[in-house]
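Listed below are the residues making up each chain.
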Amino acid sequence: MSMEDASADSPDSDLSGLSASAGFAAVARLLGVGDQAGDGTGGGAGKMVRAHHKIVRVHNTAGSFAAMLCAELAALPGHARPLVAVTADEPSAQALARDLRFFLANAAVGPENDPTAPSRVAHLPWLETAPWADVSPDRRAIVQRMSTLFRLSQGMAAEVLVASALALARRVVPRAAYADLVDVVQKGEEIDRDALIGKLVQGGYARMPVVEDPGTFAVRGGVIDAFVPLYRFPLRVELFGDLVESIRFFDPETQRTMRAVDEVYVHPVRETVRTRNDRLRDRILEAGDLAEHPSSKTRAILDQIDKGEDFFGIEALTPAFHERMASIAEYLPEGALLFVDEPDACIEALDAELDEGAESYRARLAEHRLAFPPEDFYVSVDELRALFDRGQRVE
């Protein structure tokens with residue numbers, strides 16, 4: 001059911017004139033999770049019923065009211081987590097995520113000093129730099145995207161996932177292939193120190209003298225510090241020979257150790273990591289032939305990749321590192337509820353991005369430079385519509 005022809009099953013709910021609690025209760029009942037007695041609470045006082053309406057359209061939800069509505073929707077029973085909240089642009093997504101953290105009271109579930117406590121609100125950032133630009137994407141955004149994907153893949157999702165339409169439309173590493181890249185370090189196991197360091201380098205972690213930022217690591221003899229962005233604090237692995245003697249989190253400002261744990265996950269922080277069944281060499285050679293790129297330069301790029309080097313512009317070659325690039329839909333659970341702010345504007349934003357991408361792709365080929373087409377980096381408009389239509393939606 002597309003958004004254009006869904007009106008027969010899409011009640012419009014104008015919340016003007018209603019109190020916030022009454023408005024939320026009305027939306028809950030239309031979604032099929034309000035109580036049958038109609039007591040106006042929208043809660044569990046009466047018998048819970050299954051959904052009747054696939055799409056509920058709500059008006060007058062500008063500003064922070066949208067965040068308040070999302071916080072209420074996230075608490076509704078009967079839906080898989082996370083609630084997926086989509087906005088038409090990145091500034092709106094950032095504002096919604098910020099407001100949601102306020103309405104959900106705490107930024108994380110659990111004590112503030114618990115390094116493993118998950119965030120209640122996850123933001124999947126947009127990569128502002130286009131794949132065909134001469135500028136590398138913001139490393140922090142890539143790190144955050146990879147961390148969010150890991151949580152989704154492991155069922156560690158936040159209560160709400162916030163993303164702009166373009167952030168949601170950007171293709172990602174296939175879920176099954178991502179799982180191959182994740183390692184687990186356990187206290188008491190024997191590991192190869194150099195192999196662990198190599199795993200961090202391969203996964204995109206930057207080696208630094210001192211670990212302060214997510215996606216970095218440091219080595220001092222038998223001590224390996226790494227800031228896996230999955231966690232709120234960096235971790236310190238102490239080795240006695242090849243034996244993992246202890247794993248502790250530490251404060252990056254004071255470098256003082258904190259809570260000890262028995263095991264930690266280590267996931268990659270970049271997409272340019274080769275995964276199962278990739279055709280990297282063939283795809284890059286094919287792209288070079290199509291662009292009439294100098295063969296000597298193409299071979300030099302392949303040599304850099306074979307050596308595991310991270311070089312300027314490597315992100316433009318991301319599709320070659322994987323058998324295919326996947327939709328974020330692979331990471332979202334069935335039955336997840338969606339909140340889509342201005343769905344028409346979301347579709348228009350992707351349509352414009354695809355048109356601009358096609359033009360940039362053609363220009364790059366004309367300049368005899370390696371490039372991959374927009375469909376390798378973004379889902380189509382129809383795929384985004386299908387993602388919006390996969391479950392119940394409030395818009």
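Structure first, text after, so check above.
A. The arrangement of unusual backbone geometry in detail. In this chain, Arg 81 is followed by Pro 82 through a cis amide linkage whose omega measures 5°. In this structure, Pro 82 sits in strand 3 (residues 80-87). Unlike most non-glycine residues, Gln 255 shows phi in positive territory, near 65°. Assignment of secondary structure puts Gln 255 in the loop between strand 11 (243-250) and strand 12 (257-260). Here Glu 342, not a glycine, exhibits a phi torsion of approximately 55°, which is positive. Note on placement: Glu 342 falls in the loop between strand 14 (336-340) and helix 10 (343-366).

B. Expanded view of the packing of helix 8 (residues 280-291) against helix 9 (residues 295-306). Contact pair helix 8 / helix 9: the axes reach a minimum separation of 10 Å and the direction vectors enclose 155°. As summarised for this structure, helix 8 and helix 9 are arranged roughly antiparallel, according to the angle between their axes. Crossing hand, helix 8 versus helix 9: right-handed. Residue-level inspection shows Leu 280, Arg 281, Ile 284, Leu 285 and Gly 288 of helix 8 in contact with helix 9, the latter providing Thr 298, Leu 302, Ile 305 and Asp 306.

C. Layout of helix 10. Counted at 1.5 Å a residue, the expected span for helix 10 with its 24 residues is 34 Å, and the 35 Å between its end C-alpha atoms agrees. Along helix 10, the residues classified as buried are Pro 343, Cys 346, Ile 347, Leu 350, Glu 353, Leu 354, Gly 357, Tyr 361, Arg 364 and Leu 365. Looking at the buried positions of helix 10, the neighbouring elements they touch are strand 3, helix 5 (165-169), helix 8, strand 14 and helix 11 (381-388). Of the residues one or two after helix 10, His 368 is the one with positive phi, at around 60°.

D. Inspection of the pairing of strand 10 (residues 235-240) at higher detail. Relative to strand 10, strand 9 (residues 223-226) runs antiparallel, the two sharing four bridges. Within strand 10, the position partnered with Ala 226 by the bridge is Leu 235. With six bridges joining them, strand 10 and strand 11 adopt antiparallel strand pairing. From the neighbouring strand, Leu 235 faces strand 11, where its bridge partner is Phe 249.

E. Structural detail: the nonpolar core. Grouped together as the largest cluster of nonpolar side chains are 85 residues, with contacts concentrated most on Leu 317, Leu 350 and Phe 388. Sorting elements by how many residues they give to this core places helix 4 (residues 139-153) first, with seven residues. Among the nonpolar cores identified, the runner-up in size contains 23 residues, and Cys 70, Leu 100, Leu 337 and Phe 339 belong to it.

F. View of the sheet that holds strand 10. The sheet built from six strands is open, its strands ordered 7-8-9-10-11-12 with mixed pairing. With one partner strand each, in any of the chains shown, strand 7 (206-207) and strand 12 form the two edges of the open sheet. Here strand 8 (residues 216-220) pairs with strand 9 via four bridges, running antiparallel. If you follow Arg 220 over to strand 9, its bridge partner there is Val 223.

G. Structural detail: the packing of aromatic side chains. Applying the stated rule across the entire model yields five aromatic pairs. With a centroid separation of 5.2 Å and an interplanar angle of 65°, the aromatic rings of Tyr 231 and Phe 249 are classed as edge-to-face. Placement of Tyr 231 in the loop between strand 9 and strand 10 and of Phe 249 in strand 11 is noted, with a sequence separation of 18 residues between them. When its relative accessible area of 9% is taken as the criterion, Tyr 231 is described as buried. Overall, Phe 249 belongs to the buried group, its relative accessible area being 0%. Between Arg 236 and the ring centre of Phe 250, over which it is positioned, the NZ or CZ distance is 4.2 Å.

H. Quick look at a negative patch on the surface. Together, Asp 89, Glu 342, Asp 344, Glu 348, Asp 351, Asp 355, Glu 356 and Glu 359 line one region of the surface with negative charge. With respect to the element layout, Asp 355 can be found in helix 10.

I. Just the packing of helix 10 against helix 11, in detail. Close contact between helix 10 and helix 11 brings their axes to 10 Å; oriented N to C, the two are set at 155°. What the angle tells us is that helix 10 and helix 11 run roughly antiparallel. Crossing of helix 10 over helix 11 shows right-handed handedness. In this structure, helix 10 contributes Cys 346, Ile 347, Leu 350, Asp 351 and Leu 354 to the contact, and helix 11 contributes Val 381, Leu 384, Arg 385 and Phe 388.

J. Representation of the environment of Gln 304 within the structure. Relative to the assigned elements, Gln 304 resides in helix 9. Judged by its relative accessible area of 26%, Gln 304 is partly exposed. For the pair formed by Gln 304 and Ile 314, sequence separation is 10 residues and the distance between their alpha carbons is 9.9 Å. Residues contacting Gln 304, with those up to four places away along its chain left out, are Glu 309 and Phe 311.

Conventions we followed
Residues numbered from 1 in each chain as written. Predicted model: local features only at pLDDT ≥ 70, side-chain atom pairs only at ≥ 80, totals over all residues. Heavy atoms only, no water. Helix = DSSP H or I, 4+ residues; strand = E, 2+ residues; numbered from the N terminus. Axes fitted to C-alpha atoms, helices over the stretch in contact; angles between N-to-C directions. Parallel < 35°, antiparallel > 145°, perpendicular 65-115°, else oblique. Left-handed = near helix turned anticlockwise from the far one by under 90°. Contact = heavy atoms within 4.5 Å. Expected span 1.5 Å × (residues − 1). Buried < 20%, exposed > 50% of the residue type's maximum accessible area, 1.4 Å probe, protein only. Pairing = 2+ DSSP bridges. Core = buried A, V, L, I, M, F, W, Y, C linked by side-chain atoms within 4.5 Å. Phe/Tyr/Trp six-rings, centres within 6.5 Å; stacked < 30°, edge-to-face > 60°. Lys NZ or Arg CZ within 6 Å of the ring centre and 35° of its normal. Patch = residues over 30% accessible without salt bridge, like charges linked within 9 Å, V, L, I, M, F, W, Y side chains within 5 Å. Areas by Shrake-Rupley, 256 points an atom, 1.4 Å probe, with all protein chains shown as cover. Salt bridge = Lys/Arg side-chain N within 4 Å of Asp/Glu carboxyl O. Lys, Arg positive; Asp, Glu negative; His and termini not counted. Charge placed at Lys NZ, Arg CZ, Asp CG, Glu CD.

Keep in mind that these numbers describe shape and distance, not what the molecule does.
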